[in-house]
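Structural description and commentary
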Amino acid sequence: MFKRIRPQISALKLAERGTNIEFKGRFKDTLVYNHFTEEDENILSQVREIVEESISEAVDLFHKYLIELKEEGEQEIHTEEIERYLYTFFNEKRDKEYV
């Protein structure tokens, strides 16, 4: 499933900045830079439902990419960590606990 999905976005949309998520500090700058909004949080929840059955495929694919990028001597990122990351990414509200 994930090999067929490619994001499509206009150049104007890529240049947008801002957020409507209330947060203080450096993380707010990250949200602004990535133009991440409350609507995006809601959409992530919908995306999670769509990809839920293929999440193990995503973990495997992500793990393979990370192994390819890993420099010699660097510690490997294990699949359990990737699973935890994806769970957090799709399910957690962008707030102080998320950071």
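Reading the values: rules and limits
Residues numbered from 1 in each chain as written. Predicted model: local features only at pLDDT ≥ 70, side-chain atom pairs only at ≥ 80, totals over all residues. Heavy atoms only, no water. Phe/Tyr/Trp six-rings, centres within 6.5 Å; stacked < 30°, edge-to-face > 60°. Helix = DSSP H or I, 4+ residues; strand = E, 2+ residues; numbered from the N terminus. Lys NZ or Arg CZ within 6 Å of the ring centre and 35° of its normal. Axes fitted to C-alpha atoms, helices over the stretch in contact; angles between N-to-C directions. Parallel < 35°, antiparallel > 145°, perpendicular 65-115°, else oblique. Contact = heavy atoms within 4.5 Å. Salt bridge = Lys/Arg side-chain N within 4 Å of Asp/Glu carboxyl O. Core = buried A, V, L, I, M, F, W, Y, C linked by side-chain atoms within 4.5 Å. Buried < 20%, exposed > 50% of the residue type's maximum accessible area, 1.4 Å probe, protein only. Patch = residues over 30% accessible without salt bridge, like charges linked within 9 Å, V, L, I, M, F, W, Y side chains within 5 Å. Areas by Shrake-Rupley, 256 points an atom, 1.4 Å probe, with all protein chains shown as cover. Lys, Arg positive; Asp, Glu negative; His and termini not counted. Charge placed at Lys NZ, Arg CZ, Asp CG, Glu CD. Expected span 1.5 Å × (residues − 1).

A word on the packing of aromatic side chains. Under the counting rule described, the total for this entry stands at four aromatic pairs. Relative to Phe-89, the ring of Tyr-85 lies with its centre 6.0 Å away and its plane at 25°, an arrangement referred to as stacked. Of this pair, Tyr-85 and Phe-89 both sit in helix H5 (residues 79–91), four residues apart, which is roughly one turn of that helix. Linked through ring pairs, Phe-62, Tyr-85, Phe-89 and Phe-90 together constitute an aromatic cluster. Between Arg-94 and the ring centre of Phe-89, over which it is positioned, the NZ or CZ distance is 5.1 Å.

A few words now on the packing of helix H3 (residues 38–51) against H5. For any two helices packed against each other, the geometry comes down to the angle between their axes and how far apart the axes lie. In the contact formed by H3 and H5, the axes pass within 8 Å of each other and the chain directions differ by 130°. Considering the angle they form, H3 stands oblique to H5. Here H3 contributes Leu-44, Ser-45, Val-47, Arg-48 and Val-51 to the contact with H5, which in turn contributes Phe-89, Phe-90 and Asn-91.

Following the criterion strictly, the structure yields one salt bridge and no others. For the salt bridge of Glu-41 with Lys-93, the shortest nitrogen-to-oxygen distance reads 3.6 Å. Pair noted here: Glu-41 is in helix H3 and Lys-93 is in the segment after H5, with a separation of 52 residues, a long-range link.

In a soluble, globular protein the nonpolar side chains are often hidden away together inside. Judged by nonpolar contacts, Ile-21, Phe-23, Phe-27, Leu-31, Phe-36, Leu-44, Val-51, Ala-58, Val-59, Ile-82, Leu-86 and Phe-90 together constitute the single largest core of 12 residues. Elements with a contribution of two residues or more to this core: helix H2 (26–33), H3, helix H4 (55–69) and H5. In terms of residue count, H5 provides more of this core than any other element does, three residues in total. In this structure Leu-31 touches Gly-18, Thr-19, Ile-21, Phe-36 and Arg-94, once residues within four positions along its chain are discounted.

What follows is about a negative patch on the surface. Together, Glu-57, Asp-60, Glu-76, Glu-80, Glu-81 and Glu-83 make up a negatively charged patch on the protein surface. Residue assignment for the negative patch shows that the elements contributing at least two residues are H4 and H5. For the negative patch, the element with the most residues is H5, which contributes three residues. Mapped onto the elements, Glu-80 comes out in helix H5.

On to a nonpolar patch on the surface, then. On the surface, a nonpolar cluster with roughly 310 Å² of combined accessible area is contributed by Phe-62, Tyr-65 and Tyr-85. Using a relative accessible area of 44% as the deciding quantity, one classes Tyr-85 as partly exposed.

Let us now look at H4. For H4, built from 15 residues, the straight-helix expectation of 21 Å at 1.5 Å per residue is met to within 8% by its first-to-last C-alpha distance of 21 Å. All of the buried residues along H4 are Ala-58, Val-59, Leu-61 and His-63. Buried positions along H4 lie against H5.

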